[in-house]
Amino acid sequence: PKGDRGPTGEKGAKGDTGDRGECQQNNLELSPYFLALTFPNGKIVGDKIFMTSGYEGNFDDLKKKCMQAGGQLASPRNNEENAAVQQIVFTHDKSVFLGINDIQTEGKFTYLDGKPIVYSNWQPGEPNNDKGIEDCVQVFSTGKWNDKSCDERLLILCEF
Ligand code: GMH
Ligand code: CA
């Protein structure tokens, strides 16, 4: 378990077998390099890194900025990834846009590549397409999702 290792994830710690997978991932997350690089703007989940720069903008701005950086807007695909997104939203007290929208077909939420979403964490009553203008998805500090106008200016959160 994660808690069994020292907080510094010292080199050559027990369990550092060089294997790919969970053991190595835990050590990576505890290494001072990753602690430094992810504090306070990033989170590592499995082989995915979520990172904000603090920039705020509308959906198109944020989508473009993430792509220019070689990543894409955060697109959590399970509870663990969503919890990482939530933690960044909570830390910064600013909600983020996901790389998910129903711009193409109202009511059918897809990733940026157009594929249907495999995971969601909607706030009860959402998505409601309020006033008929909500095609993007924001995450609250509770981790719950709300569809929101893509013209809102929210915090950037990319995944790499
Ligand atoms: C409406 C109501 C609220 C809800 C908002 C939100 C806007 O104003 O249904 O309860 O919180 O819409 O969905 O995105
Ligand atoms: Ca809504």
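Our subject is the structure that appears above.
Here is a short report on the structure shown in this document. Within any chain, residue numbers begin from 1 and follow the written order of that chain's sequence. To label them, take the chains in the order written and letter them from A, then take the ligands in the order written and number them from 1. The predicted nature of this model means local features are confined to residues of pLDDT at least 70 and side-chain atom pairs, given and counted, to a pLDDT of 80 or more, with totals for whole chains, interfaces and linings taken over all residues. To get the side-chain values, take all heavy atoms of the structure and skip hydrogens and water.

Topic: the sheet that holds strand β4 (residues 72-73)
In step 1: Two strands make a pair as long as DSSP finds a minimum of two bridges between them. Per the convention used, a helix needs a DSSP run of H or I reaching at least four residues, while a strand needs a run of E reaching at least two, with both numbered from the N terminus. Taken in spatial order, the four strands make up an open sheet running β1-β2-β10-β4, and their pairing is antiparallel. What marks the edges here is a single partner per strand, and that holds for β1 (42-45) and β4.
In step 2: Bridge count for β1 against strand β2 (residues 48-51) is four bridges, and the pairing is antiparallel. The residue bridging Val45 from the neighbouring strand is Lys48, located in β2.
In step 3: Against the sheet, helix α4 (residues 79-92) contacts β1 and β2, and its axis sits at roughly 170° relative to β1. Should any heavy atoms of two residues lie within 4.5 Å, those residues are counted as being in contact. All axes are obtained by fitting lines to C-alpha atoms, using only the stretch in contact for helices, and the reported angles, taken between N-to-C directions, cover 0 to 180 degrees.

As for the coordination of the calcium ion (ligand 2)
In step 1: In this description, a donor is an N, O or S atom within 2.8 Å of the metal centre, a cutoff extended to 3.2 Å for sodium, potassium and calcium. Water is not part of the atom list, which can make sites seem incomplete. Protein coordination at the calcium ion (ligand 2) comes from Glu126 (OE), Asn128 (OD1), Glu134 (OE), Asn146 (OD1), Asp147 (O) and Asp147 (OD), with a distance range of 2.3 to 2.6 Å.
In step 2: Each donor residue of the calcium ion (ligand 2) belongs to the same chain, and together they define the spacing E-x1-N-x5-E-x11-N-D. With a gap of twelve residues between them, Glu134 in the loop between β6 (110-111) and β7 (136-139) and Asn146 in strand β8 (residues 145-148) connect regions that are remote in the sequence. When sorted by exposure, Glu134 lands in the same class as Asn146, which is buried. Accessibility here uses a 1.4 Å probe with only protein chains present; expressed as a share of the type maximum, an area under 20% marks a residue as buried, one over 50% as exposed, and anything in between as partly exposed.

Considerations on the pattern of salt bridges
In step 1: Just to be clear on terms, a salt bridge is a Lys or Arg side-chain nitrogen sitting within 4 Å of an Asp or Glu carboxyl oxygen. A full pass over the atoms with the stated rule returns five salt bridges.
In step 2: When salt bridges that share partners are traced, they join Lys48, Glu81 and Glu159 into one network.

Structural notes on the site of ligand 1
In step 1: The near set for a molecule or strand comprises every residue that places at least one heavy atom within 4 Å of it. In the region of ligand 1, the neighbouring residues are Glu126, Asn128, Asp130, Glu134, Asn146, Asp147 and Lys148.
In step 2: Any pair of nitrogen or oxygen atoms within 3.5 Å is treated as a polar contact; in protein, a donor-acceptor pairing is required on top of that, and neighbouring residues in sequence qualify only through side-chain atoms on both sides. Within the side chain of Glu126, one N or O atom sits 2.6 Å away from an oxygen atom of ligand 1.
In step 3: Residues that form the shell around ligand 1 fall into these classes: no nonpolar, two polar and five charged. Under the grouping applied here, Gly and all other residues not named as nonpolar or charged are polar, the nonpolar ones being Ala, Val, Leu, Ile, Met, Phe, Trp, Tyr, Cys and Pro and the charged ones Asp, Glu, Lys and Arg.

A closer look at the packing of aromatic side chains
In step 1: The rule is short: rings of Phe, Tyr and Trp, with Trp giving its six-membered ring, pair when the centres are within 6.5 Å, and they are stacked under 30 degrees, edge-to-face over 60, tilted in between. Throughout the structure, instances matching the rule amount to four aromatic pairs.
In step 2: The interplanar angle of 90° and the centroid separation of 6.0 Å between the aromatic rings of Phe59 and Phe97 together place this pair among those described as edge-to-face. Separated by 38 residues along the polypeptide, Phe59 in helix α3 (residues 59-68) and Phe97 in strand β5 (residues 96-101) bring together distant segments of the chain. One exposure class covers both Phe59 and Phe97, and it is buried.
In step 3: Members of the aromatic cluster, connected to one another through ring pairs, are Phe109, Tyr119, Trp122 and Trp145.
In step 4: Note that Lys65 overlies the ring of Tyr55, its terminal NZ or CZ placed 4.3 Å from the centroid. Cation placement over rings: the criterion is NZ of Lys or CZ of Arg within 6 Å of the ring centroid and within 35° of the ring normal.

Geometric descriptors of this kind do not, in isolation, establish any biological role.
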